[in-house]
Amino acid sequence: MKTASTKVIRLLIFIVLALIAIMSMYPLFYMAFSSMKPTIEYIKHPIALPETWYFDNFKALFYRFSLVRLFGNTVLYVGLSMVACLVVSVPAAYAFAKLKFRFRNGFYVAMIATMTIPGVTFIIPNYLLMSRIGWTDHIVSVVVIWAVSAIPSTVFLLTSLMRGMPDEVLEAIKMDGAKYHQAMIKIILPMSLPGVVTVSIFNATNWWNDLLTPLIYLQSDHLKTVTVAVATVLNRFSSDYPLLLSGLLLASLPPIAIYIIFQGFIRKGLVIGAVK
């Protein structure tokens, strides 16, 4: 009787998870199939599968909208933001987790409290600050805004991870004459690598999908990101829905690919980090 009820529960869980997976994947498949249709066919049969595979929409994206440059801009902004965020977050998390200094808990709580403030409240002050500095319509503005906005959550996650690491290892390396920064680089950073990779993937995904920040700070077309281009440049051709869906499809593929590629690395890194 118990075995039968367990099978029923597992079947219900499987059905629920399958429905969630279908609902999550449906927009992606819809964009994929719709982008393979000419405009006339899409208008006549918006839900049906394409009668013939039509790739001219992707060719138009590459030749008419400089898609390679847009992808290059986005990769550059995300990469610089990731480096800037980690350069600040890793030492800060190490200090909050393993070092003792005055007002440590107060500084930590104050920084974490900024996570509760809605990001939209910083839009006007940040824009006024960037305009007075002269960083508007420059890649520095986007990189700074992205990196600074992700630092509190990154420090919070890495601090929680580093606090669980044994202090005996740090004490042993300090007895050998190592300094604080050497202990961080040689011991803490390798052991916390899975957490660093995981939080970097989440940050990179959020930055890649961000529309508001580059839309506000970047006015020149040659500086725009893929998301902004899809929302603004392609919107001028809003009647050509297959072209628009092609751009949305290409813009959504890199975050999915990054997650799939690094998913196994994260699991492997967690095991390695646990036995070090």
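A short tour of the structure in this document, coming up. In this text the structure is predicted, and so the values were computed from the model without any measurement.

This next bit is on the overall build of the chain. Scanning the chain from terminus to terminus reveals 13 helices and 0 strands. In the chain, the succession of α and β elements from N to C terminus is α-α-α-α-α-α-α-α-α-α-α-α-α. Taken over the C-alpha trace, the chain has a radius of gyration of 24 Å; the compact-globule value for 276 residues is 19 Å, which it surpasses by more than 25%. Dimensions along the principal axes, computed over C-alpha positions, put the chain at roughly 75 × 70 × 30 Å. When each of the 276 residues of the chain is scored for burial, the buried share is 38%. Across the chain, every contact between residues at least 6 apart in sequence was considered, and the portion connecting residues at least 24 apart equals 72%. The centroid of the 22 positive side-chain charges in the chain is displaced by 8 Å from the centroid of its 11 negative side-chain charges.

This next bit is on the packing of aromatic side chains. In total, this model carries 9 aromatic pairs according to the counting rule given. Pairing F29 with F33 gives two aromatic rings, centres 6.4 Å apart and planes at 20°, and the pair type is stacked. Here F33 and F29 lie together in helix 1 (residues 2-34), a separation of 4 residues that amounts to about one turn. Here F29 falls in the partly exposed class, since its relative accessible area comes to 44%. Since its relative accessible area comes to 30%, F33 is described here as partly exposed.

Right, let's get into the nonpolar core. Of all hydrophobic cores here, the largest spans 60 residues; its most connected members are Y94, V155, L158 and M162. Take this core: its biggest share by element is 13 residues, from helix 4 (residues 67-98). Look past the residues within four positions of V155 in its chain and what remains in contact with it is S89, A92, A93, F96 and M111.

Comment: phi is negative for the bulk of residues other than glycine, and the bulk of peptide bonds are trans. Although it is not a glycine, F103 adopts a positive phi angle of roughly 60°. Take F103: it is sitting in the loop between helix 4 and helix 5 (104-113). The backbone of D137 sits at a positive phi, close to 60°, despite the residue not being glycine. Inspection of the secondary structure puts D137 in the loop between helix 6 (123-133) and helix 7 (139-163).

Turning to the layout of surface pockets, a few remarks are in order. A water-sized probe, rolled over the atoms, reveals where empty space remains. Within this model, the largest pocket holds a volume of roughly 780 Å³. G119, F122, I145, V148 and S149 are the residues nearest the centre of the largest pocket, which is lined by 28 residues in total. Among the elements of the structure, helix 6, helix 7, helix 10 (193-209) and helix 11 (212-217) are those that each provide at least two residues to the lining of the largest pocket. For the lining of the largest pocket, the leading source of residues is helix 7, giving 9 residues. Here the lining of the largest pocket is composed, by residue class, of 19 nonpolar, 8 polar and 1 charged.

Parameters at a glance
Residue positions are given per chain, counted from 1 along the sequence in the order it is written. Side-chain atom pairs in this predicted model are given and counted only at pLDDT of 80 or more, local residue features only at pLDDT of at least 70, and totals for whole chains, interfaces and linings cover all residues. Neither water nor hydrogens contribute to the side-chain values; these are computed over all heavy atoms in the structure. Runs of E in the DSSP output that reach at least two residues are strands. Runs of H or I that reach at least four are helices, and both are numbered from the N terminus. With C-alpha atoms as the basis for the radius of gyration, the globule rule is written as 2.2 Å multiplied by the number of residues raised to the power 0.38. Relative accessibility thresholds used throughout: buried, under 20% of the residue-type maximum; exposed, over 50%; partly exposed, between the two (1.4 Å probe, protein chains only). Residues are treated as being in contact if the distance between any of their heavy atoms lies within 4.5 Å. Asp and Glu count as negative and Lys and Arg as positive, but His and the ends of the chain are not part of the count. A single reference atom marks each charge: NZ on Lys, CZ on Arg, CG on Asp, CD on Glu. Stacked, tilted and edge-to-face are the three classes assigned to paired rings of Phe, Tyr and Trp, where Trp is represented by its six-membered ring and a pair needs centres within 6.5 Å; plane angles under 30 degrees give stacked, over 60 edge-to-face, the rest tilted. Put simply, buried Ala, Val, Leu, Ile, Met, Phe, Trp, Tyr and Cys residues joined by side-chain atoms within 4.5 Å make one nonpolar core. Note on definitions: the grid is 1 Å and covers protein atoms alone; a cavity is a set of points where a 1.4 Å probe fits but cannot get out; a pocket is an open set with protein on both sides within 12 Å along at least five of seven lines; lining residues have an atom within 4 Å of a point. Grid points are joined across faces, edges and corners, and a volume is the space filled by probe spheres set on the points. Amino acid classes used here: Ala, Val, Leu, Ile, Met, Phe, Trp, Tyr, Cys and Pro are nonpolar; Asp, Glu, Lys and Arg are charged; the rest, including Gly, are polar.

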